[in-house]
Amino acid sequence: MEFIENIDEADFILLGAPVDQGTENKGCSEAPAKIREKMDNFFFSESANNRTIHDSSDIVEGETFEITMDRIFNKVRETLKMHKPIVLIGGNHSVTLPVIQGYSRHFNRMGVIFIDAHPDCQPDYFPYGDVIGGVSSIPEVNKTVLLGLRNWSKTEYQFLLENNIPFITMKDIYQNSMDYVISRVKEMMRDVDAIYISFDIDAVDPAFAPGTGWIEPGGLTSRQAIHLVQELAKMDRVEGFDIVEVNPEKDTNGITSSLAAKLILEFVDSYGSQTESY
């Protein structure tokens, strides 16, 4: 992956959303700068591709949470007019909702893949604790799938069942294989015209990614996370990717930020075909 100044010549556009608003947990706003710093430590991807990306800087937090969400929505909606996939660095997970709302102005049948330790579908905690519930209610989102779940409330579990939202738990991944998971996801996403991938870093086991606000044992290894992102990026119609919930204040030796940077690098350089219909 190579950063270039000319946005017209770039394959991807990078945006930062350094957002702490919407939750009492603070520190995720530092992630975009820290992850960008760690990107400089990687010289080449495992795929040996060298796709180009233009850094369009950060979407600055507003005075209120609502203003911030509007800024993200408007920036994403306008950026997609460039006909290039977006990579976004959060910020907490609330940023994903206005991102998908922005995408919904360009695509009519979206599929969204959440890689997360939690279902995040608790209406009483909207939007931060109800990101997946909010996204799944967008009319243009036709398919939502959750990967890596391992901690949820009874209310969240019932919400997934009642709304027919498919999910693959960490237990499922452990008992089968990552290739099994990837094949299932590809089958689920075959009827959509655009796919967006949202990666909450707490999907990764805290042994590999301690720098996050919600520590959940029994998650993905760093190698599993890299392989998963590499393979999902190869799917047709993938139009965007975000990584959220990295908290440098809680990190150890920057290993979580380094993993996040690696995941972005591997997503970009593993990227497959893309649709032309914006």
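This is a predicted model, so every value here is computed, not measured.

Caption draft 1: Just the nonpolar core, in detail. Grouped together as the largest cluster of nonpolar side chains are 51 residues, with contacts concentrated most on Ile113, Ile115, Leu147, Phe199, Leu220 and Phe267. A total of eight residues in this core trace back to one element, the largest contributor, which is helix 9 (residues 255-270). Excluding anything up to four places from it in sequence, leucine 220 contacts Ile115, Met170, Ile173, Met178, Phe199, Ala203, Val204, Asp205, Phe208, Ala225 and Leu228. By size, the runner-up hydrophobic cluster in this structure holds 35 residues, among which are Val112, Ile138, Phe159 and Ile165.

Caption draft 2: Representation of the pattern of salt bridges. A full pass over the atoms with the stated rule returns ten salt bridges. Ionic pairing is found between aspartate 58 and arginine 36, a salt bridge with its closest N-O pair at 2.9 Å. Of the two residues, aspartate 58 is situated in strand 3 (residues 52-58) and arginine 36 in helix 1 (residues 31-39); the sequence distance between them amounts to 22 residues. Residue classification places aspartate 58 among the partly exposed residues on the basis of a relative accessible area of 33%. In this structure, glutamate 78 engages arginine 77 in a salt bridge whose closest nitrogen and oxygen atoms are separated by 3.9 Å. Overall, the relative accessible area of 40% leaves glutamate 78 in the partly exposed class. Members of the salt-bridge network, linked through shared partners, are Glu46, Arg223, Lys262 and Glu266.

Caption draft 3: A look at the pairing of strand 9 (residues 238-244). Burial analysis of strand 9 places seven of its seven residues in the buried class, which makes it a mostly covered element. Bridge count for strand 4 (residues 86-90) against strand 9 is four bridges, and the pairing is parallel. Residue pairing in the sheet places isoleucine 86 in a bridge with glycine 240 of strand 9. Bridge count for strand 8 (residues 194-200) against strand 9 is six bridges, and the pairing is parallel. Residue pairing for strand 9: isoleucine 195 is matched across the bridge by valine 238. The parallel pair strand 8 and strand 9 is bridged by helix 8 (residues 222-233), and the resulting crossover is right-handed.

Caption draft 4: The arrangement of the environment of isoleucine 13 in detail. On the secondary structure map, isoleucine 13 appears in strand 2 (residues 12-17). Each C-alpha atom of the pair isoleucine 13 and leucine 232 lies 19 Å from the other, and the pair is 219 residues apart in sequence. In this structure isoleucine 13 touches Ile7, Ile53, His54, Ser56, Thr79, Met82, Lys84, Pro85, Ile86 and Val87, once residues within four positions along its chain are discounted.

Caption draft 5: Representation of a nonpolar patch on the surface. Judged by side-chain polarity, Trp152, Tyr157 and Leu161 come together as a nonpolar surface patch covering roughly 270 Å² of accessible area. Mapped onto the secondary structure, tyrosine 157 falls in helix 5 (residues 154-162).

Caption draft 6: Structural context of the packing of helix 1 against helix 9. Closest axis-to-axis distance for the helix 1/helix 9 pair is 8 Å, and the angle between their directions is 70°. In terms of their interaxial angle, helix 1 and helix 9 are classed as roughly perpendicular. Here helix 1 runs over helix 9; the crossing is right-handed. Contacts from Lys34, Ile35, Lys38 and Met39 of helix 1 reach helix 9 at Ser257, Ser258, Ala260, Ala261 and Ile264. Residue classes in the contact of helix 1 with helix 9 are distributed as five nonpolar, two polar and two charged.

Caption draft 7: Molecular detail of unusual backbone geometry. With an omega of 20°, the peptide bond between glycine 90 and glycine 91 qualifies as cis. Summarising the element assignment, glycine 91 is placed in the loop between strand 4 and helix 3 (96-103). For alanine 48, which is not glycine, the phi torsion reads 65° and is therefore positive. Tracing the chain through its elements places alanine 48 in the loop between helix 1 and strand 3. If you check the backbone angles, glutamate 245 has positive phi at about 70° while not being a glycine. For glutamate 245, the position within the fold is in the loop between strand 9 and helix 9.

Here is what the cut-offs are and how they apply
Residues numbered from 1 in each chain as written. Predicted model: local features only at pLDDT ≥ 70, side-chain atom pairs only at ≥ 80, totals over all residues. Heavy atoms only, no water. Core = buried A, V, L, I, M, F, W, Y, C linked by side-chain atoms within 4.5 Å. Buried < 20%, exposed > 50% of the residue type's maximum accessible area, 1.4 Å probe, protein only. Helix = DSSP H or I, 4+ residues; strand = E, 2+ residues; numbered from the N terminus. Contact = heavy atoms within 4.5 Å. Salt bridge = Lys/Arg side-chain N within 4 Å of Asp/Glu carboxyl O. Pairing = 2+ DSSP bridges. Right-handed = clockwise from strand over helix to strand, strands pointing away. Patch = residues over 30% accessible without salt bridge, like charges linked within 9 Å, V, L, I, M, F, W, Y side chains within 5 Å. Areas by Shrake-Rupley, 256 points an atom, 1.4 Å probe, with all protein chains shown as cover. Axes fitted to C-alpha atoms, helices over the stretch in contact; angles between N-to-C directions. Parallel < 35°, antiparallel > 145°, perpendicular 65-115°, else oblique. Left-handed = near helix turned anticlockwise from the far one by under 90°. Nonpolar A, V, L, I, M, F, W, Y, C, P; charged D, E, K, R; others polar.

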